[in-house]
Amino acid sequence: MIRIFRILAFFLFVACHLAFLLSILFEKVHNFWLISGIIISTGLITYAYYHKNTQEEAHFLNDLQDIVYVSLGALLTYFISVDLELGAVIAAGFTGTVASYLPVIFRKSSWIKRVPVAAYCGAFVGMTAPAVSLGYTFIIFSAFLTGALFISAKNVFNGFGGKLGSIAFGGVALSSLIVYLLF
């Protein structure tokens with residue numbers, strides 16, 4: 001079961017990246033060979049990443065608290081960005097900085113070491129533009145989906161930059177798709 005989540009998370013990330021790249025290419029480039037080359041290169045890179053050795057770790061109750069941390073990071077960032085009108089970058093920076101100091105402040109708590117990474121992932125969700133998010137309900141829904149992706153991607157793309165942003169992009173894009181299809 002864990003292996004299925006790992007495979008699903010891996011291919012979901014690859015699909016998000018591919019969709020993002022293709023949307024840029026189709027808007028700006030009208031060269032079939034260039035687009036084909038990028039698709040082939042993405043396929044080869046995906047194959048190489050998939051066959052990279054990874055450590056398998058068990059998931060369950062301890063990881064479910066990460067959904068809460070992602071949600072708190074998203075809500076704090078969105079509040080600072082939209083309600084306090086300080087902007088998304090300042091809000092995400094503030095959230096990431098505060099989250100990074102929590103393990104130093106609360107040294108005796110072992111669970112607090114999980115907060116900074118998950119909250120910073122949530123900060124990327126909270127950076128969603130108000131025109132896209134339509135309020136706190138969307139941010140909470142996106143944060144929940146992002147938290148689920150965060151848990152399932154625990155062993156995917158370790159050591160590669162952009163993992164947290166990709167997870168947040170996938171959660172927001174998926175929730176936008178769901179909202180668009182349902183409403």
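See the structure printed just above.
Below is a summary of the structure that appears in this document. The shown structure was predicted, so the numbers you read here are calculated from the model rather than taken from an experiment.

Attention now goes to the pattern of salt bridges. Throughout the structure, instances matching the rule amount to 2 salt bridges. When the shortest N-O distance is used, the salt bridge between R114 and D63 registers 2.6 Å. One end of the pair, R114, is in the loop between helix 4 (88-105) and helix 5 (115-126); the other, D63, is in helix 3 (residues 61-83), and 51 residues separate them in sequence. We classify R114 as partly exposed; its relative accessible area is 26%. By relative accessible area, which is 3% here, D63 ends up buried. Sharing partners across several salt bridges, the network here consists of D63, D66 and R114.

On to the nonpolar core. Formed by 23 residues in total, the largest nonpolar core has its most connected members in F150 and I167. Residue assignment for this core shows that the elements contributing at least two residues are helix 1 (2-28), helix 3, helix 5, helix 7 (136-152) and helix 8 (163-182). In this view, I167 contacts F13, C121, T146, L149, F150 and A153; residues no more than four positions away in its chain are not counted.

Over its 20 residues, helix 8 extends 28 Å from the first C-alpha to the last, a length consistent with the 28 Å expected when each residue adds 1.5 Å. Taken together, the buried positions of helix 8 are occupied by K163, L164, S166, I167, A168, G170, G171, V172 and S175.

Calculation rules
Residues numbered from 1 in each chain as written. Predicted model: local features only at pLDDT ≥ 70, side-chain atom pairs only at ≥ 80, totals over all residues. Heavy atoms only, no water. Salt bridge = Lys/Arg side-chain N within 4 Å of Asp/Glu carboxyl O. Helix = DSSP H or I, 4+ residues; strand = E, 2+ residues; numbered from the N terminus. Buried < 20%, exposed > 50% of the residue type's maximum accessible area, 1.4 Å probe, protein only. Core = buried A, V, L, I, M, F, W, Y, C linked by side-chain atoms within 4.5 Å. Contact = heavy atoms within 4.5 Å. Expected span 1.5 Å × (residues − 1).

No statement about biological role is implied by the geometric values presented.
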